[in-house]
Amino acid sequence: MAEQASLLPGGPGAPGGKLAALVPWGMSAALLCGTFLLANGGVGMAQSTFAGPGSETKVWLMTEREMDNDLTTFLCCLGVMAVGGVIGIWYFSDWIKHAEGGQDTMFRNWQVLTCVAFVISSIFASIPITLLGTQGNIILQEIPKPLTMLKPAPWSWKIAENCLSYGQIIFLVFQALPSEKNNALLAEAAPYYIGYLLFFPLWCWAFCAYAKKALWVSSLFMIFCPVCLNGAHKAITTNPKVYKSWGTLLFAQIPLGMHMGWTTISALQTANKALARIEYPLHYQFAFGFFGIYFAFQLGNSLMPERKCILLGLSLAFGILAIGHGTQLCFEEEGRGGCLNSLVPSRDPTILQAQWITSVFLGASVIINAISLARDLFAQMAMS
């Protein structure tokens, strides 16, 4: 029987069997290489097209003299495009999850579409058509920087950006492997992840530092990013009927959990920034600042044990502590240009000190719960 099995097509004893077994991996490598080459080449082409070869100066789609109403109209058009894209993803979700063919199909639809969506998202996000403040030699003196009650410390952005970038690459590579083409969990998560890749460049386009009434549009786009990532993360973690391999845990669940945690913090910050730019009453801004911290705290403590994802809770705790340090820098008037004077006309740091202390205690609480969950999970593994 063993000799007969070895002579089956693709078996080690069949003609070209070993070579045939390597073909899917070679095709997967070609797909990934093409994805990253197209993404990098497209980003360079987009930046050169809009900014000129070797130029660091952005080409502004709109100036500070544009009316808010005109900008809102433009961004609402982007919103309509986003809604159309979401409806399209939902309508074709069954087609995205499954391939037209049997086991001999080289790739599933969701594997290829995720790579294509990554390329499109990378290129679109790099198109410099939005006002973000200072770029190159252009200094827009008339544009006030929107201060916010939820400002993570500057160092946290660099750490988060590197972790999320590498995590996204790891997830993209893992989902494109031939060994994962029958992974039902990744198939269920793919439409949500493609939705995130749609909303992220829209947020990059919509965020305009000088906008007042229009800033809510970019806030809405950013809110949809963690919502989509939550759907993908939930699809991977809450289906007990499907076996979850160690690879899915390490290279899909953890990167998505980290990404969801930090984009949640970014969404809360963007929404608070919108309140600051429309000059909403200060006590409402303070209230929303505390709401954002408690929301992240509650999200971490509820979803972390439910989905058994420690890194999801730790990423939220990291964001909460980063906000606490940013608040500390604010009332100590270090590194943020004395934002206390701009945020609080009375120059009373009490409310900022209260937010700093709250952030420290809530962030530490999430970390303690993460340690407790890790201990329980390791105990379960030891018993099994």
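Each chain carries its own residue numbering, running from 1 in the written order of its sequence. The model is predicted, so local features are restricted to residues of pLDDT at least 70 and side-chain atom pairs to those at 80 or more, both for listing and for counting; the totals for chains, interfaces and linings are taken over all residues. Hydrogens and water are ignored here; the side-chain numbers use all heavy atoms of the structure.

Enquirer: So what exactly am I meant to see when it comes to the overall build of the protein chain here?
Expert: Each helix is a run of DSSP H or I of at least 4 residues and each strand a run of E of at least 2, with the numbering of both proceeding from the N terminus. Helices and strands together make up the secondary structure of the protein chain, namely 13 helices and zero strands. Going from N to C terminus, the protein chain has its helices and strands arranged as α-α-α-α-α-α-α-α-α-α-α-α-α. A contact between two residues is defined here by any heavy atoms of the two lying within 4.5 Å. Of the contacts formed within the protein chain by residues at least 6 apart in sequence, a portion of 81% connects residues at least 24 apart. We get accessible surface area from the Shrake-Rupley algorithm with a probe of 1.4 Å; when it comes to residues, only the shown protein chains can shield them. On the protein chain, roughly 19600 Å² of surface is accessible, and the fraction owed to carbon and sulfur atoms is 67%.

Enquirer: For this particular structure, what's the right way to read the pattern of salt bridges?
Expert: If the charged atoms of two oppositely charged side chains come close together, the side chains can form a pair. Only one rule defines a salt bridge in this text: a Lys or Arg side-chain nitrogen within 4 Å of an Asp or Glu carboxyl oxygen. This structure, assessed with the given rule, holds one salt bridge. The shortest N-O distance in the salt bridge between aspartate 376 and arginine 375 comes to 3.8 Å. Type-normalised accessible area, obtained with a 1.4 Å probe on protein chains alone, sets the label of each residue: buried when under 20%, exposed when over 50%, and partly exposed for intermediate values. By relative accessible area, which is 35% here, aspartate 376 ends up partly exposed. Taking relative accessible area as the criterion, arginine 375 reaches 57% and is therefore assigned exposed.

Enquirer: Is there a simple way to explain the packing of aromatic side chains in this structure?
Expert: The geometry of two aromatic rings is summed up by the distance between their centres and the angle between their planes. Here is the rule: rings of Phe, Tyr and Trp (six-membered ring for Trp) pair when centre to centre is within 6.5 Å. Planes less than 30 degrees apart are stacked, more than 60 are edge-to-face, and the remainder are tilted. Here the structure, examined in full by the defined rule, presents 13 aromatic pairs. Between the aromatic rings of tryptophan 155 and phenylalanine 318, the centroid separation amounts to 5.8 Å while the plane-to-plane angle is 75 degrees, which identifies the pairing as edge-to-face. Linking tryptophan 155 in helix 6 (residues 154–175) with phenylalanine 318 in helix 11 (residues 310–331), this pair joins segments that are 163 residues apart in sequence. The class of tryptophan 155 is partly exposed, set by a relative accessible area of 37%. On the basis of relative accessible area, phenylalanine 318 is assigned to the partly exposed category, the value being 26%. Relative to phenylalanine 318, the ring of tryptophan 262 lies with its centre 5.5 Å away and its plane at 45 degrees, an arrangement referred to as tilted. Taken as a pair, tryptophan 262 in helix 9 (residues 246–277) and phenylalanine 318 in helix 11 lie far apart in primary sequence, 56 residues in all. Ring pairs connect the aromatic residues Phe171, Tyr193, Tyr196, Phe200 and Trp203, which therefore count as one cluster.

Enquirer: What is the right way to read unusual backbone geometry from this model?
Expert: Notably, lysine 308 is not glycine yet its phi reads approximately 55 degrees, a positive angle. Structurally, the position occupied by lysine 308 is in the loop between helix 10 (282–307) and helix 11. Residue classification places lysine 308 among the partly exposed residues on the basis of a relative accessible area of 44%.

Enquirer: Whenever I open this one, the layout of surface pockets confuses me. Can you help?
Expert: Which parts of space are left empty comes out when a probe the size of a water molecule is rolled across the atoms. The method works on a 1 Å grid over the protein atoms by themselves. A cavity is a set of points holding a 1.4 Å probe that cannot get out, a pocket is an open set with protein on both sides within 12 Å along at least five of seven lines, and residues with an atom within 4 Å of a point line them. Grid points are joined across faces, edges and corners, and a volume is the space filled by probe spheres set on the points. Computed from the structure, the second largest pocket encloses a volume of approximately 780 Å³. Along its surface, the second largest pocket is lined by 26 residues, and Lys244, Leu249, Gln253, Lys308 and Leu377 are the ones closest to its centre. Among the secondary structure elements, those contributing two or more residues to the lining of the second largest pocket are helix 8 (215–237), helix 9, helix 10, helix 11 and helix 13 (350–383). Under the convention adopted here, Pro, Cys and the residues Ala, Val, Leu, Ile, Met, Phe, Trp and Tyr are nonpolar, Asp, Glu, Lys and Arg are charged, and Gly plus all remaining residues are polar. Residues belonging to the lining of the second largest pocket are distributed by class as follows: 16 nonpolar, six polar and four charged.

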